[in-house]
Amino acid sequence: MSSVLDLKGVTVRRGRKNIVDKVDWHVEEGERWVVLGPNGAGKTTLLQILAARMHPTSGTADVLGERLGRTDMFELRPRIGFSSAALADKIPPHEVVRDVVLTAAYGVTGRWREDYEEFDERRAADLLAAFDVAQLADREYGTLSEGERKRVQIARALMTDPEMLLLDEPAAGLDLSGREELVGALAELAGDPASPVLILVTHHVEEIPPGFTHLLLLADGRVRAAGPIEDVLTADNLSEAFGLPLLVAHGGGRWLARAARPAGR
Ligand SMILES: Nc1ncnc2c1ncn2[C@@H]1O[C@H](COP(=O)(O)OP(=O)(O)OP(=O)(O)O)[C@@H](O)[C@H]1O
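Cut-offs and rules
- Residues numbered from 1 in each chain as written.
- Predicted model: local features only at pLDDT ≥ 70, side-chain atom pairs only at ≥ 80, totals over all residues.
- Helix = DSSP H or I, 4+ residues; strand = E, 2+ residues; numbered from the N terminus.
- Rg over C-alpha atoms; globule rule 2.2 N^0.38 Å.
- Buried ≥ 20, exposed ≤ 12 C-beta atoms within 10 Å, placed from the backbone.
- Near = placed C-beta within 6 Å.
- Nonpolar A, V, L, I, M, F, W, Y, C, P; charged D, E, K, R; others polar.
- Core = buried A, V, L, I, M, F, W, Y, C linked by C-beta atoms within 7 Å.
- Contact = placed C-beta atoms within 7 Å.
- Pairing = 2+ DSSP bridges.
- pLDDT = per-residue confidence, 0-100.
- Axes fitted to C-alpha atoms, helices over the stretch in contact; angles between N-to-C directions.
- Expected span 1.5 Å × (residues − 1).
- Arc of directions from axis to C-beta.

*Asks:* So what's going on with the overall build of the chain? Which residues, and what values?
*Replies:* Counting its regular elements, the chain contains nine helices and 12 strands. Relative to the compact-globule value of 18 Å for 265 residues, the chain shows a C-alpha radius of gyration of 19 Å, a close match. Structurally, the chain occupies a C-alpha span of about 60 × 45 × 35 Å along its principal axes. A burial count over the chain gives 38% of its 265 residues as buried.

Spelled out as structure tokens, the structure:
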């Protein structure tokens, strides 16, 4: 197995604060990671480094075998699928859903040429089907529900057949059925050996899909624990990271967390 990510002492300094602080992290092919931590832990900043959109202030980051700072970021980016709220905001609301996915093959939003390869057309259709949104292919993106949009965004992120897929809070803003549909789609993706390495950022253990294998727990820019999910996702680790006593339960491939004592007691 070859290394997909190798971070050593990765630090991002903003002002007088290390918002990512000496992060060591190693990811191998085939692994499915969750990055979990409270608000402001540094998750989104860390993901910007993995997505080859930011350099560390210090430390070394090898992404897909390329050392950031010594490689052309523009050549590296197409090998990385990335879905985030900030990228989703750039999708034109009048874009037809099929084109939202298809245009990712050319690294653009907004259809700008008429002659797409048949191969690309087929891949876009397959991805829409895989995320159960094939029936929406002719609709304008802006008319979709939030849950449908999230699934289209992930299909778009997979369009270039990336070696690594980064998902920044994909379930944020979804209602219960939207969340559960998304968790189901991500569980299928996690279970498919042909899928790229998956890295999913979340605040909520309830959003971790079955099939995710590893967890990096981040708080205040620092790694509190990292490794196989069953070893790391303990009440002690979670309580320390979130700064309150928590109970953790696990069943049916899913996780639950709640305060050990009701509020106010
Ligand atoms: N450019 C910047 N300058 C100064 N501080 C920054 C900058 N970018 C982020 N921060 C701060 O760094 C910390 C980590 O931010 P980041 O968005 O990475 O955290 P997060 O774990 O993704 O948070 P959330 O879960 O709330 O989205 C926050 O306190 C944020 O205010």
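*Asks:* Run through the site of the ligand, naming residues and quoting values.
*Replies:* Surrounding the ligand, one finds Arg14, Gly15, Ile19, Gly37, Asn39, Gly40, Ala41, Gly42, Lys43, Thr44, Thr45 and His203. The element that contributes the greatest number of residues to the shell around the ligand is helix α1 (residues 43-50), accounting for three residues. Residue composition of the shell around the ligand, by class: two nonpolar, eight polar and two charged.

*Asks:* Tell me about unusual backbone geometry, and please be specific about residues and values.
*Replies:* Leaving glycine out, the prevailing phi sign among residues is negative, and the prevailing peptide bond configuration is trans. Unlike most non-glycine residues, Asp132 shows phi in positive territory, near 60°. Along the chain, the position of Asp132 falls in the loop between α5 (118-130) and α6 (146-157). Note on Asp132: 15 C-beta atoms within 10 Å, which makes it partly exposed. Positive phi outside glycine occurs at Asp161, with the angle close to 55°.

*Asks:* So what about the nonpolar core? Which residues, and what values?
*Replies:* Counting residues in each nonpolar core, the largest one holds 73 residues, and the members touching the most others are Val35, Leu50, Val101, Leu166 and Ile199. Residues contacting Val35, with those up to four places away along its chain left out, are Lys43, Leu46, Ile199, Val201, Leu216 and Leu218.

*Asks:* Tell me what's going on with the pairing of strand β10 (residues 222-228), and back it up with residues and numbers.
*Replies:* Where strand β9 (residues 214-219) lies against β10, six bridges are found, and the strand directions are antiparallel. Across the sheet, the residue bridging to Leu217 is Ala225, located in β10. Between β9 and β10, which follow one another and run antiparallel, lie two residues, and Asp220 among them has a positive phi close to 55°.

*Asks:* Kindly report on the confidence of the model for the chain, identifying the contributing residues and their values.
*Replies:* Averaged over the chain, the pLDDT score is 92; the fraction of residues at 70 or greater is 94%. For this predicted complex, the interface score ipTM comes out at 0.95, while the overall pTM is 0.92.

*Asks:* Please provide a residue-by-residue account of the sheet that holds strand β2 (residues 17-28), values included.
*Replies:* Within the open sheet, the four strands sit side by side as β2-β1-β4-β5. Their pairing is antiparallel. In this open sheet, the two strands that pair with only one neighbour each are β2 and β5 (66-67). Its contacts with the sheet put α1 on β1 (3-14), β2 and β4 (58-63), and the angle it makes with β2 is roughly 55°.

*Asks:* Just give me the short version of the environment of Ala61, but keep the residues and values in it.
*Replies:* Tracing the backbone shows Ala61 in strand β4. In this structure Ala61 comes out as buried when scored by C-beta crowding, with 23 C-beta atoms within 10 Å. As for Ala61 and Thr11, which are separated by 50 residues in sequence, their C-alpha atoms are 9.9 Å apart. If sequence neighbours within four positions are ignored, Ala61 has contacts with Leu7, Val10, Ile49, Pro56 and Leu68.

*Asks:* Can you lay out the sheet that holds strand β3 (residues 32-36) for me, pointing to particular residues and giving the numbers?
*Replies:* Sheet strands line up and pair through hydrogen bonds in the backbone, either parallel or antiparallel. Ordered by their spatial adjacency, six strands build an open sheet running β6-β7-β8-β3-β9-β10, and the pairing between neighbours is mixed. Edge positions in the sheet fall to β6 (80-83) and β10, since each of these pairs with one other strand and no more. For this sheet, the mean angle separating the axes of adjacent strands, direction not counted, is 15°. Contacts from α6 reach β6 and β7 (164-168) within the one sheet, and its direction differs from that of β6 by about 165°. Against the sheet, helix α9 (residues 235-242) makes contact with β9 and β10, and its axis sits at roughly 155° relative to β10, the strand it touches most.

*Asks:* Talk me through α6; I want residue IDs and the actual numbers.
*Replies:* With 12 residues, α6 extends 16 Å from end C-alpha to end C-alpha; this agrees with the ideal 16 Å at 1.5 Å per step. The element α6 is largely enclosed, with a buried count of 10 among its 12 residues. Glu148, Arg149, Lys150, Arg151, Val152, Gln153, Ile154, Ala155, Arg156 and Ala157 are the residues of α6 that are buried. Against the buried residues of α6 lie β6, α3 (85-88), α4 (97-102), α5, β7 and α7 (176-191).

*Asks:* So what about α5? Which residues, and what values?
*Replies:* Here α5 contains 13 residues, and its C-alpha end-to-end distance of 18 Å stays within 8% of the 18 Å for a straight helix at 1.5 Å per residue. For α5, every residue scored as buried is listed here: Arg123, Ala124, Leu127 and Leu128. Viewed along the axis of α5, the buried residues span an arc of 135°, placing them on a single side of the element. Along α5, exposed side chains directed more than 90 degrees from the buried face belong to Glu118, Phe119 and Arg122. For α5, the secondary structure elements touched by its buried residues are α4 and α6. Backbone geometry just downstream of α5 places Asp132 in the positive-phi region, at approximately 60°.

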